[in-house]
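# A structural walkthrough
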Amino acid sequence: MKTVTRSTCCYCGVGCGVLVEAEDGRITGIQGDPEHPANYGRLCTKGRSLPLTVQSVTGRLLRPEVRATRDAKREPADWSSALDLVAERFAQVIERHGPDAVAFYVSGQLLTEDYYVFNKLAKGLVKTNNIDTNSRLCMSSAVTAYKKAFGADGPPTCYEDLELAQTVLFAGSNMAYAHPVLFRRLEEAKAKHPDIRWIVVDPRRTDMAAMADLHLAIQPGTDVALFNGMLHHLIWEGMLDRAYIDAHTEGFDALKALVREYTPRMAAEICGIEERALLQAAEWFGASPAALSLYCMGLNQSSHGTDKNLALINLHLATGQVGRPGAGPFSLTGQPNAMGGREVGGMATMLAAHRDIGNAGHRAEVEALWGVEGLSDRPGLPAVEMFDAVRSGKIKAIWIACTNPVHSMPDIVRVREALATAEFVVVQEAFAQTDTVPYADVLLPAASWGEKSGTVTNSERRISRVQAAVDAPGEAKPDWWIVNEVARRIEAKLSSQTPTLFGFDTPQAVFDEHRRLTAGRDLDIGGLSYAKLETDGPQQWPFAADAVQGQARRYTDGVFATADGRARFHATRYLPVAEPVDARYPFRLVTGRLRDQWHGMSRTGRVGALFAHAPEPALTMHRADATRRGFKDGDLLTIASRRGSLVLPVQISDDVASGTVFAPMHWNGQFLNSGGINETTVPAVDPHSAQPELKHAAVRVQAADLPWRLVAAKRGGDGGSDVLALHAAVQPLLRERRYASVRIEADENGGEMLIVSAADVRAPAEWLDRLHDALGLPRGEDLLEYRDARRGHEKRVAWHENMIDGFMLAGGAKGTSGTTGAAALIDRIREAAPWSGPRHAVFVEGKRAPRDRVICNCKQVTQSQIAEAIAAGADLAELKSTLGCGSVCGSCVPEIRRLYDAVPAAAH
Ligand SMILES: Nc1nc2c(c(=O)[nH]1)N[C@H]1C(S)=C(S)[C@@H](COP(=O)(O)OP(=O)(O)OC[C@H]3O[C@@H](n4cnc5c(=O)[nH]c(N)nc54)[C@H](O)[C@@H]3O)O[C@H]1N2
Ligand SMILES: Nc1nc2c(c(=O)[nH]1)N[C@H]1C(S)=C(S)[C@@H](COP(=O)(O)OP(=O)(O)OC[C@H]3O[C@@H](n4cnc5c(=O)[nH]c(N)nc54)[C@H](O)[C@@H]3O)O[C@H]1N2
Ligand code: SF4
Ligand SMILES: [Mo]
């Protein structure tokens, strides 16, 4: 039977509505929901490919697993014994060492209901505030700044403002990659009104920066100086909204006194930009009828993230650019439910419904609503400190859900040490191969997207329903259910009375309790219910019981959520990054996202098509820096910080400044021989928000002298589904080489192949044989082998009937490469065409350039196809109509535009 289920995309904070098609218990397709106000039917590459991530259960966790002792292997267990064990061990630690000896590390990708139950378990039952989430790595500076400036968390703006803004300031946000569907709305607005001005503040020349009217390529970490310099100019030119400042704010004089120091010249110097550009930005911002700023991790992930946010908010308050259509400081949430986590208070520094731990009145309210006594008034430990406390033995048991800290935390060397030290680790995951899973004493299989129900809140405070389209595979269970079951058991153990706190039998029951806690608060959702969300569609908060609709914009009357109703200016002083570069570590490392991958790639890494845009992890380096050191594109480099190192290929580019290098955050031990770039990042945190500085570290970069190379590939079976099994078999071999990466690639017949690249000083023949078997390459007559003992080259090509089914090319020393011909063989597999000549002729195919990058994922159009069409005179519309690129989801449009703009206008 065919069904269509209305739900929400599980990736970014845009929160696009989706219609999920399913047949016979399998998800078969997806459409953007034309009625959802976040996307009106659009989806980006990631959302569109969601069905491909759930085609196969290979790699899913299907049953609970438990290990008796640290050194034992985990064995499958039934749910009730796994739940009993978690409850028993947690209760034991609490009884012996007190409630603060346990911790919960959860995620902005949990649904509000999941989050709520976790928070109630930690704060209401265990009475510890040691519950923190990956939102600490993401949104906490934005939260802290909103609270400091406006008195309450949450953006004052809404998505409609994207269309109404006249000046858009993108600060540390790469929306074209990270919030693509919202970016489509901005592109359309600018196409209709070309006088809309875009200012991009980003050390890198992103696609958006290339499209902007003004790109301020500041030195990483210098945003506060920039915003202070802009404000200085506005003050001295009298471009302020004095009436607004007088009527609605507090603290301007102190700020003015501070900003006096930040002359535009001095600020521009700190930022490494032209003073003229700074002045231009200030004037466009200050004089605009509606200035909107859109900001994300470039501001938040900093040891001065709160100040960066506040300095930007200062600009808005001083010019009255807030509370009006098209104006305001709009913090974009990253994860699908970063906002929902804040609402339920699921972090170490807050209580339910935007209440504060340190406020006795707030604690009493929550105690009364939950029917408990003695909520802890000790703030819990935020993420970085939490793992440090695990490492030092202060925290003995930790429960990790829906996040992969052994990949995503800064300085993962320390996180591994922490988890190896802990007495008891619970990991609640949907997928089996993440870097955190090996540390689990109890592994709890979670239902994932398409299989679970609840709600999420997107960047504009809009709550949407998430609905299950199919049953979860195996015995996987929804997160709220798992936590509820353990909580019931812990309650029974800790109290002599009949357990009462965790009587939830549906996610709806959880939502209804959460709603009651919000009554009278700034985020009051007393007027919402599942029924209302289903009949009237997604709604924005606040939406009180007597309201007819949610509130699109906040503070429209200039009354803020502070005690006196006035917003607060903050005198923000520029301070350098936590780890400045020096002679030993001379490069500034910046990290961030790619267009088609999601975080640790546990989902997007299952889909060949999503690797096409960026097939391999790479460190981007400026041409001059590379040339000076003699690096060529693709050379393997060792990137080392004071904490750790890894090897990555270099990608030479003009998009980063000299002295800065960029690495994507995505690759980890599932796809690489190392844990990824967080082997090197710094655990320094912002003093107000405790958010770590994931964006900046000092590193040194050297050629990795690894003459031995390998490229291997193997075609998947029908539909390509078993490439996932091949990947699982290959993954453990990666870490034995100095460099190794694995990826999936789509072929031209709807199948997929797995491709492995590796490098080392040398590699034992025995490793090659294990890789051979892991890849499922045949032995015997379907294998053609060639050895050149003198040069140490080894070639193996596997056949399936008259087609090449896989290969392994390895070897090499100075001056010779054992992998010549790999690109040609990959092409053969991709084309899936029969081989007509004699088999041994494969070894003389010779060199071929690797296929170039796929820019348009939907139509599989490559960069050279686009470049050829532009050279032949095609304009943007013709590119769309002839090649089809950019005509479906639009994620590639900024890049196509950039390729087009790069060709001199005369040639168009
Ligand atoms: N494709 C994709 N989309 C995603 C995600 C994903 O994994 N993949 N993750 C989601 C999540 S959780 C999040 S939080 C968002 C993140 O979304 P973004 O914050 O937009 O993405 P990032 O690439 O992390 O960082 C944005 C930009 O900050 C710049 N930057 C670095 N340092 C500085 C600085 O000091 N100042 C300024 N002004 N800029 C700086 C970087 O060069 C980068 O271009 O994306 C969400 N959307
Ligand atoms: N260097 C560097 N590091 C960064 C960043 C950066 O910019 N640079 N960005 C940081 C930011 S902003 C963020 S948000 C974090 C993200 O970091 P993580 O939270 O570690 O990211 P994910 O890989 O999305 O982890 C989510 C995990 O939940 C699992 N999962 C999926 N669905 C479900 C489910 O329904 N239930 C459960 N229980 N599990 C499920 C997935 O398989 C996945 O392993 O990374 C941070 N780390
Ligand atoms: S923009 Fe893309 S990833 Fe984000 S919610 Fe929409 S479809 Fe999902
Ligand atoms: Mo994030």
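What you see is a predicted model, and the numbers here were worked out from it, not measured in a lab.

### Quick word on the packing of aromatic side chains
Within this structure, the stated rule accounts for 26 aromatic pairs. Note on Tyr116 and Trp370: the rings are 6.4 Å apart at their centroids and 85° apart in plane angle, and the pair reads as edge-to-face. You can see Tyr116 sitting in helix α4 (residues 112-126) and its partner Trp370 sitting in helix α18 (residues 360-370), a full 254 residues away along the chain. Overall, the relative accessible area of 1% leaves Tyr116 in the buried class. Aromatic pair Trp708 and Trp767: ring centres 6.2 Å apart, planes at 80°, arrangement edge-to-face. Highlighted residues: Trp708 in strand β27 (residues 708-715) and Trp767 in helix α27 (residues 765-774), separated in sequence by 59 residues. One residue, Lys120, lies across the ring of Phe502, its end atom 5.4 Å from the ring centre. A cation sits over an aromatic face here: Lys190 above Trp198, 5.5 Å from the ring centre.

### Observations concerning the state of the cysteines
Counted under the stated rule, the structure contains zero disulfides. Here Cys885 stays free of any disulfide, with the sulfur of Cys856 as its closest cysteine sulfur at 5.9 Å.

### Here we look at the UniProt feature "domain: 4Fe-4S Mo/W bis-MGD-type" (unreviewed entry) in the chain
Feature annotation in UniProt places "domain: 4Fe-4S Mo/W bis-MGD-type" (unreviewed entry) on residues 2-58, given in this structure's numbering. Counted over residues 2-58, helix gives 14% and strand 37%. Its end C-alpha atoms are 24 Å apart.

### A few points about the side chain of Asp524
When you line up the elements, Asp524 lands in the loop between α23 (507-518) and α24 (530-536). Despite being buried, Asp524 has no salt bridge partner; Arg515 is the closest side chain of opposite charge, sitting 8.2 Å away. In this structure the side chain of Asp524 is engaged in a polar contact, spanning 2.8 Å, whose partner is the backbone nitrogen of Gly520. Polar contacts involving the side chain of Asp524 include one to the main-chain amide nitrogen of Gly526, which spans 2.8 Å. Setting aside chain neighbours within four positions, we find Asp524 in contact with Thr518, Ala519, Pro542, Phe543, Ala544 and Ala545.

### Describing empty space enclosed by the protein
For the structure shown, the criterion picks out 10 cavities of 30 Å³ or more. Space inside the second largest cavity adds up to approximately 80 Å³. Residue assignment for the lining of the second largest cavity shows that the elements contributing at least two residues are α1 (45-48) and α8 (180-192). Among the residues forming the lining of the second largest cavity, the class breakdown is nine nonpolar, two polar and one charged.

### Some remarks on the site of ligand 1
Taken together, 34 residues lie around ligand 1, and Asp202, Gly221, Asp223, Arg593 and Gln597 are the ones closest in. Ala178 places a polar main-chain atom, nitrogen or oxygen, 2.8 Å from a nitrogen atom of ligand 1. Here a nitrogen atom of ligand 1 and a side-chain polar atom of Asp223 are 2.7 Å apart. When ligand 1 is considered free in solution it has 910 Å² of accessible area, and contact with the protein chains removes 100% of it. Listing elements by their share of the shell around ligand 1, those giving two or more residues are α7 (175-178), α15 (297-300) and β21 (587-592). Looking at side-chain class alone, the shell around ligand 1 contains 13 nonpolar, 13 polar and eight charged residues. Both domain 3 (140-331) and domain 4 (587-703) contribute no fewer than three residues apiece to the shell around ligand 1.

### Regarding the domain arrangement of the chain
With domains assigned, the chain is organised as domain 1 (2-53), domain 2 (80-138 + 337-462 + 470-523), domain 3 (140-331), domain 4 (587-703), domain 5 (708-844) and domain 6 (854-902). On a C-alpha basis, the centres of domain 3 and domain 4 stand 27 Å from each other. Each side of the interface is counted separately: domain 3 has 22 residues, and domain 4 has 22 residues. Three residues stand out in domain 3 for area buried against domain 4, namely Tyr177, Arg204 and Gln301, and they jointly supply 34% of the buried area on that side. On the surface where domain 3 and domain 4 come into contact, there are zero salt bridges. In this assembly, domain 3 and domain 4 are joined by 11 residue pairs in polar contact (both at pLDDT 80 or more). Counting residues per element, the ones that place at least two in the side of domain 3 that touches domain 4 are α5 (140-150), α15 and α16 (305-318).

### Things to note about the site of ligand 2
Around ligand 2 lies a shell of 33 residues, among which Asn134, Ser408, Glu429, Ser602 and Asn678 are the nearest. At 3.3 Å from an oxygen atom of ligand 2 is found a side-chain nitrogen or oxygen belonging to Lys452. Between ligand 2 and Asn678, the relevant distance is 2.8 Å, taken from a nitrogen atom to a side-chain nitrogen or oxygen of the residue. Coverage of ligand 2 by the protein amounts to 98% of the 910 Å² it exposes when considered alone. Residue composition of the shell around ligand 2, grouped by class: 12 nonpolar, 15 polar and six charged.

### A closer look at the packing of helix α13 (residues 264-271) against helix α14 (residues 275-287)
Packing of α13 against α14 leaves a shortest axis separation of 8 Å and a crossing angle of 110°. Compared by their axis directions, α13 and α14 come out roughly perpendicular. Considering the relative orientation of α13 and α14, their crossing is right-handed. Together, Pro264, Arg265, Ala267 and Ala268 of α13 and Glu275, Leu278 and Leu279 of α14 make up the contact between the two elements. For the contact of α13 with α14, the residue count by class is five nonpolar, no polar and two charged.

Definitions and cut-offs
Residues numbered from 1 in each chain as written. Chains lettered and ligands numbered in written order. Predicted model: local features only at pLDDT ≥ 70, side-chain atom pairs only at ≥ 80, totals over all residues. Heavy atoms only, no water. Phe/Tyr/Trp six-rings, centres within 6.5 Å; stacked < 30°, edge-to-face > 60°. Helix = DSSP H or I, 4+ residues; strand = E, 2+ residues; numbered from the N terminus. Buried < 20%, exposed > 50% of the residue type's maximum accessible area, 1.4 Å probe, protein only. Lys NZ or Arg CZ within 6 Å of the ring centre and 35° of its normal. Disulfide = S-S within 2.5 Å. UniProt positions renumbered as here; feature names shortened; annotations may be inferred. Lys, Arg positive; Asp, Glu negative; His and termini not counted. Salt bridge = Lys/Arg side-chain N within 4 Å of Asp/Glu carboxyl O. Polar contact = N/O pair within 3.5 Å; in protein donor to acceptor, adjacent residues only side chain to side chain. Contact = heavy atoms within 4.5 Å. 1 Å grid on protein atoms, 1.4 Å probe; cavity = no way out; pocket = protein on both sides within 12 Å on 5 of 7 lines; lining within 4 Å. Points joined across faces, edges and corners; volume = space filled by probe spheres on them. Nonpolar A, V, L, I, M, F, W, Y, C, P; charged D, E, K, R; others polar. Near = heavy atom within 4 Å. Areas by Shrake-Rupley, 256 points an atom, 1.4 Å probe, with all protein chains shown as cover. Domains from an automatic or database assignment. Buried area = accessible area lost by both parts, 1.4 Å probe. Axes fitted to C-alpha atoms, helices over the stretch in contact; angles between N-to-C directions. Parallel < 35°, antiparallel > 145°, perpendicular 65-115°, else oblique. Left-handed = near helix turned anticlockwise from the far one by under 90°.

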